[in-house]
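# Structural overview
What follows is each chain in one-letter form.
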Amino acid sequence: MKRPILNIAVDTPVSQVFDYHPPLDIQYEPKIGQRVLVPFGRREVVGFIHGISEKTSLPKKKIKPCKTIIDQSPLLNKKTLDLILWCKNYYHHPVGKTYAAAIPKYLRSGKNPGHDGKLFKKSTKKRKLTSHQKKAYDECLGLIKESIPVLLNGVTGSGKTEIYLQIMEDVLKKGQQVLFLVPEIGLTPQLSEEITSRFGSCVGIIHSSTSEKSRAQAWVSAKENKVSVILGTRSSIFVPFHSLGLIIIDEEHDESYKQQSGLMYSARDLAVVKAKQSGCALLLGSATPSYESLLNVEKKKYNQVQLNKKVFSDAPPNKKLINLNVTPCSRGLSGPLINAISKSLERDEQSLLFINRRGYSPVTMCEDCGNIDECPRCESNLVSYKGSKKLKCHHCSFQTPATNSCSSCAGKKITVGHGTEKIEEELRSKFPGEMIVRIDRDSTRSNKNREEVFGHAKSGAAKILVGTQMLTKGHDFPSLSLVAFINVDQGLFGSGYRSSERFAQQYYQASGRCGRRENKGLVLLQTHNPENETLKSLLSKSYGEFYEENKLDRKRLGWPPYTYSVLLRAESQDEKKVFNFLDAAADFIGRSMDSDSLRMLGPIPSPIGKIRGRKRGQLLLTSRSRKKLHAVGSRLISFVDEKRLGIKVKWSIDIDPIDHS
């Protein structure tokens, strides 16, 4: 009998699979989706059976046998294999690297974690829905039976989570499983507590702070139908479920759903594919939906359910601008803001101060010669951290002790601008004795710290909260009555065509957190540009109205979601090599593309021109035709491989990019 050829996907940057014979002592038939141990060069590596064929282009003597087949039955079911294949083709990523991105490291090392968990049996009594929630729940329940996604577009505080939970229960009662995706680790403790208190121990948790073994255990348990719910961040989209009935994407607009390195996939977009392939329902929720999702509603690709009424309060917060051109400001805090915080404290209510910048100060400068401390490896300023007395780069791991004197002229150094640390310090000087909690990536790195700071915030023990956009995502602070934006101009005048959309989402998300229960909320915005038209629109319009107005500029200028885009990046220590590569790519694209349907911008230096000592450049392609854009992308990759252009630079192709830096 002729021995079959196993097409093995191995974690390498090449686009091919590798042919092997089955092990000589095989006791059972090989199957697609099994893990295998194979000789690869001088190493032995774990790969995946991607295909089984009868023929090979290699000479017989060059085909080696696998060392062993690790799994008796496939680790990956057909639906997960289909998703991996779709992902590889859509994102133009090497097949072995796609497997590596999709599967937990513990499993890729050949280990078997076993499975643990319990299926859903019964839940506690459902909470009573408001009339508006009940209407939205009924609409969602009816629409998820159709074959297209449902967007639950509900204002902040409208009770979307309870609707999720009750729809989950309906699905679980049928013996089906649920995937619940959240954008940030910080949201999982709160949701896991709510879900486990409702449904018992049928929940598996997957995010970057859970151990490798625990992640793999939850992954395998879902495949073996040993857990009913997986709650996790973006990588959970690849979990192979036994009987998936529902996917929920909470805060679907959040950029954290897009992976920014390696396989640069969007978990939200993959959820649409996974739902279609699995024949399951998909529910996306947000108070500030992405422009892509709102356009899909307009095109009838999504159904929409709107929930425009808050659970605990009908009264919208008062909104006031603080003109920093005429109002004195001390270390980031104006007089009116200090007074507003004082009044909130007198009423025993919470205040939230939003500034999307970590550290103490973004710039450290010499008072005498103007020299600025910069990262020696990146084209960026070093961020001052007063607590650790260090200067740190947010783009690489470089850090150095902070000093008071200039290295160039020995003059005195000063900090310019504000970060969360500086605002926290100023608040402590203004309100001694008050519990002040700072919430950003630096203060929530460990599970213990994260649980502690969010615990103080949610209990109301901390009366003043200061932090980045982490504070705006899905949290319920019952006694919050004041929200303040420290630096509106930073968000308003950000680079890139998405800056107004991003700031609008942050604004509506953060302002929607205040004035819940019986409290009347107040939103303060500190700005040097009180006459800015975008700012005026934010204050006077709902998010939906803002979108209707703002989308016109996006459409007129030909930016997504009205076009599709591909970003080609290259980097090298030698800038000449970067632009030789990009110029060759641009020349090839120019010769092969339809100029009427494609637009090419660049090559240009990247907004951050150097990271980790490597010069960076990029080339952007946009088109109204996704098909034509992908065809050009495929031809470009073949051209680069054929001409071996990529051997002198590190390059990547980002499909549907959201970060152009």
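A short tour of the structure in this document, coming up. Since the model is a prediction, treat every value here as computed from it, not as a measurement.

## Here we look at the overall build of the protein chain
The number of helices and strands found in the protein chain is 18 helices and 29 strands. Taken over the C-alpha trace, the protein chain has a radius of gyration of 27 Å; the compact-globule value for 661 residues is 26 Å, and the two agree within 12%. Excluding contacts between residues fewer than 6 apart, the proportion of contacts in the protein chain whose partners are at least 24 apart in sequence is 75%. Carbon and sulfur atoms make up 49% of the accessible area of the protein chain, which amounts to about 29,700 Å² in all. Between the mean site of the 103 positive side-chain charges and the mean site of the 68 negative ones, the protein chain shows a separation of 5 Å.

## Quick word on the sheet that holds strand 22 (residues 436-439)
Taken together, six strands build an open sheet; the order of strands is 13-25-24-16-23-22 and the sheet is parallel. Two strands bound the open sheet, and with one partner strand each, they are strand 13 (318-323) and strand 22. Here the average twist between neighbouring strands, direction ignored, is 20 degrees. Relative to strand 24 (residues 480-485), helix 14 (residues 499-511) is tilted by about 155 degrees, and along the sheet it contacts strand 13, strand 16 (350-354), strand 24 and strand 25 (522-527).

## Details of the sheet that holds strand 6 (residues 150-154)
Two strands in a sheet stick together by hydrogen bonds in their backbones, pointing the same way (parallel) or opposite ways (antiparallel). Strand order in the open sheet made by the seven strands is 8-9-7-10-11-6-12, with parallel pairing throughout. In the strand order of this sheet, the two ends are held by strand 8 (203-206) and strand 12 (303-307), each with one partner. Strand-to-strand, the axes of this sheet are offset by a mean angle of 15 degrees, without reference to chain direction. Direction of pairing for strand 7 (residues 177-181) relative to strand 10 (residues 244-250): parallel, over a ladder of five bridges.

## A word on the pattern of salt bridges
Scanning all chains against the criterion turns up 40 salt bridges. Where Lys551 meets Glu548, a salt bridge forms, and the shortest distance between an N and an O atom there is 3.0 Å. Residue Lys551 and its partner Glu548 are both found in helix 16 (residues 543-557); the two are separated by three residues, about one turn of the helix. Note on Glu548: relative accessible area 40%, which makes it partly exposed. By sharing partners, the salt bridges in this structure join Arg331, Lys386, Glu425, Glu426 and Lys430 into a single network.

## Looking at the packing of helix 1 (residues 78-90) against helix 2 (residues 95-102)
The geometry of helix 1 relative to helix 2 is characterised by a closest axis approach of 9 Å and an angle of 125 degrees between their N-to-C directions. Taken together, the axis directions place helix 1 and helix 2 in an arrangement best described as oblique. The two elements helix 1 and helix 2 meet at a crossing, and its hand is right-handed. Residue-level inspection shows Leu81, Ile84, Cys87 and Lys88 of helix 1 in contact with helix 2, the latter providing Val95, Thr98, Tyr99 and Ala102. Residues that form the contact of helix 1 with helix 2 fall into these classes: six nonpolar, one polar and one charged.

## What to know about the pairing of strand 25
The two faces of the sheet receive side chains in turn, since in a regular strand these alternate between them. Counting buried positions over the six residues of strand 25 gives five, a clear majority of the element. Examined bridge by bridge, strand 13 and strand 25 share six bridges and lie parallel to one another. Looking at the pairing, Lys319 lines up with Val523 of strand 25. The sheet contact formed by strand 24 and strand 25 spans four bridges and is parallel. Among the inter-strand pairings, Leu482 is bridged to a residue of strand 25, identified as Leu522.

## Looking at the nonpolar core
Grouped together as the largest cluster of nonpolar side chains are 106 residues, with contacts concentrated most on Tyr99, Ile230, Ile237, Phe238, Ile247, Tyr265 and Phe485. A per-element tally of this core places helix 17 (residues 575-592) first, with eight residues. The contacts of Ile237, once residues within four sequence positions are left out, are Leu83, Leu179, Leu181, Tyr265, Ala267, Leu270, Ala271 and Lys274. The next biggest cluster of nonpolar side chains, apart from the first, holds 32 residues, and it includes Phe120, Val150, Ile163 and Val305.

## Here's the deal with the packing of helix 9 (residues 291-298) against helix 16
Relative to each other, helix 9 and helix 16 sit at 90 degrees, their axes nearing to 11 Å. Between helix 9 and helix 16, the angle is such that the two are roughly perpendicular. Contacts between helix 9 and helix 16 involve Tyr291, Leu294, Leu295 and Glu298 from the former and Tyr543, Phe546, Tyr547, Glu548, Asn550, Lys551 and Arg554 from the latter. A per-class count over the contact of helix 9 with helix 16 returns six nonpolar, one polar and four charged.

## Comments concerning helix 17
For the α-helix, the turn length of 3.6 residues means that residues three or four positions removed from each other point alike. Helix length check: helix 17 (18 residues) gives 26 Å between terminal C-alpha atoms against 26 Å at 1.5 Å per residue, within 8%. Those residues of helix 17 lying buried are Val578, Phe579, Phe581, Leu582, Ala585, Ala586, Phe588 and Ile589. Close packing links the buried residues of helix 17 with strand 26 (564-572), strand 27 (598-611), strand 28 (614-623), helix 18 (626-643) and strand 29 (650-655). By the N-cap criterion, in which a side-chain oxygen at the helix start approaches the backbone nitrogen of a residue two or three places on, helix 17 is capped by Asp574, the distance to Lys576 being 2.9 Å.

Reading the values: the criteria
Residues numbered from 1 in each chain as written. Predicted model: local features only at pLDDT ≥ 70, side-chain atom pairs only at ≥ 80, totals over all residues. Heavy atoms only, no water. Helix = DSSP H or I, 4+ residues; strand = E, 2+ residues; numbered from the N terminus. Rg over C-alpha atoms; globule rule 2.2 N^0.38 Å. Contact = heavy atoms within 4.5 Å. Areas by Shrake-Rupley, 256 points an atom, 1.4 Å probe, with all protein chains shown as cover. Lys, Arg positive; Asp, Glu negative; His and termini not counted. Charge placed at Lys NZ, Arg CZ, Asp CG, Glu CD. Pairing = 2+ DSSP bridges. Axes fitted to C-alpha atoms, helices over the stretch in contact; angles between N-to-C directions. Salt bridge = Lys/Arg side-chain N within 4 Å of Asp/Glu carboxyl O. Buried < 20%, exposed > 50% of the residue type's maximum accessible area, 1.4 Å probe, protein only. Parallel < 35°, antiparallel > 145°, perpendicular 65-115°, else oblique. Left-handed = near helix turned anticlockwise from the far one by under 90°. Nonpolar A, V, L, I, M, F, W, Y, C, P; charged D, E, K, R; others polar. Core = buried A, V, L, I, M, F, W, Y, C linked by side-chain atoms within 4.5 Å. Expected span 1.5 Å × (residues − 1). Polar contact = N/O pair within 3.5 Å; in protein donor to acceptor, adjacent residues only side chain to side chain.

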